[in-house]
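Fold and contact review
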Amino acid sequence: MIVGYYADSLGLSRPGYVELKERYIYLFEKWLHNNCDEEVFIINRARRALTIDKLYDLYKEDQEYISGKKDILIIHEGVC
């Protein structure tokens, strides 16, 4: 199973507030490993200060390599 995860800083850890193991994508990946019989690969494209158009550019770039292979696409973008 391939999961594409595109996020702004909401997908990152925050020292003193959100640890790596508390991030949504980590918890989801852990759940998938515990509830699916297949291998799980997370393509994590979380970056700080990314707007939706820049996340879309990353997504389009990834399509050259994983086009048609993703099982799940997650877009995690906040509003500032």
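The rules behind these values
- Residues numbered from 1 in each chain as written.
- Predicted model: local features only at pLDDT ≥ 70, side-chain atom pairs only at ≥ 80, totals over all residues.
- Heavy atoms only, no water.
- Pairing = 2+ DSSP bridges.
- Helix = DSSP H or I, 4+ residues; strand = E, 2+ residues; numbered from the N terminus.
- Right-handed = clockwise from strand over helix to strand, strands pointing away.
- Salt bridge = Lys/Arg side-chain N within 4 Å of Asp/Glu carboxyl O.
- Buried < 20%, exposed > 50% of the residue type's maximum accessible area, 1.4 Å probe, protein only.
- Contact = heavy atoms within 4.5 Å.
- Phe/Tyr/Trp six-rings, centres within 6.5 Å; stacked < 30°, edge-to-face > 60°.

**Structural notes on the pairing of strand 2 (residues 41-46)**
Pairing of strand 1 (residues 2-7) with strand 2, which is carried by 6 bridges, proceeds in the parallel orientation. Within strand 2, the position partnered with Tyr6 by the bridge is Arg45. The parallel pair strand 1 and strand 2, bridged by helix 1 (residues 24-35), forms a crossover whose chirality is right-handed.

**Describing the pattern of salt bridges**
Scanning all chains against the criterion turns up 2 salt bridges. Arg45 serves as the salt-bridge partner of Asp62, at 2.9 Å between the closest nitrogen and oxygen. Of this pair, Asp62 sits in helix 2 (residues 52-66) while Arg45 sits in strand 2; the two residues are 17 residues apart in sequence, bridging distant segments of the chain. The partly exposed category is assigned to Arg45, whose relative accessible area is 24%. Between Asp57 and Lys60 there is a salt bridge; the shortest N-O distance is 3.7 Å. Of the two residues, Asp57 and Lys60 both sit in helix 2, 3 residues apart, roughly one turn of that helix.

**Thoughts on unusual backbone geometry**
Here the phi dihedral of Ala49 falls at roughly 60 degrees; this positive angle occurs in a residue that is not glycine. On the secondary structure map, Ala49 appears in the loop between strand 2 and helix 2. The exposure class assigned to Ala49 is exposed, which follows from its relative accessible area of 62%.

**A closer look at the environment of Phe28**
Here Phe28 shows up in helix 1. When its relative accessible area of 26% is taken as the criterion, Phe28 is described as partly exposed. Setting aside anything within four residues of it in sequence, one finds Phe28 in contact with Val3, Ile72 and Ile74.

**Quick word on the packing of aromatic side chains**
Here the structure, examined in full by the defined rule, presents 3 aromatic pairs. Considering the side-chain rings of Phe28 and Trp31, the 6.3 Å spacing of their centres and the 10 degrees angle between planes classify their relative orientation as stacked. On the criterion of helical spacing, the pair formed by Phe28 and Trp31 is a turn pair, its members being 3 residues apart in helix 1. Its relative accessible area of 48% is what places Trp31 among the partly exposed residues. With a centroid separation of 6.1 Å and an interplanar angle of 20 degrees, the aromatic rings of Tyr56 and Tyr59 are classed as stacked. Here the residue Tyr56 and the residue Tyr59 both occupy positions in helix 2, the gap between them amounting to 3 residues, near one helical turn. Judged by its relative accessible area of 23%, Tyr59 is partly exposed. Joined through ring pairs, the aromatic side chains of Tyr6, Tyr56 and Tyr59 make up one cluster.

This is a description of form; function is not addressed.
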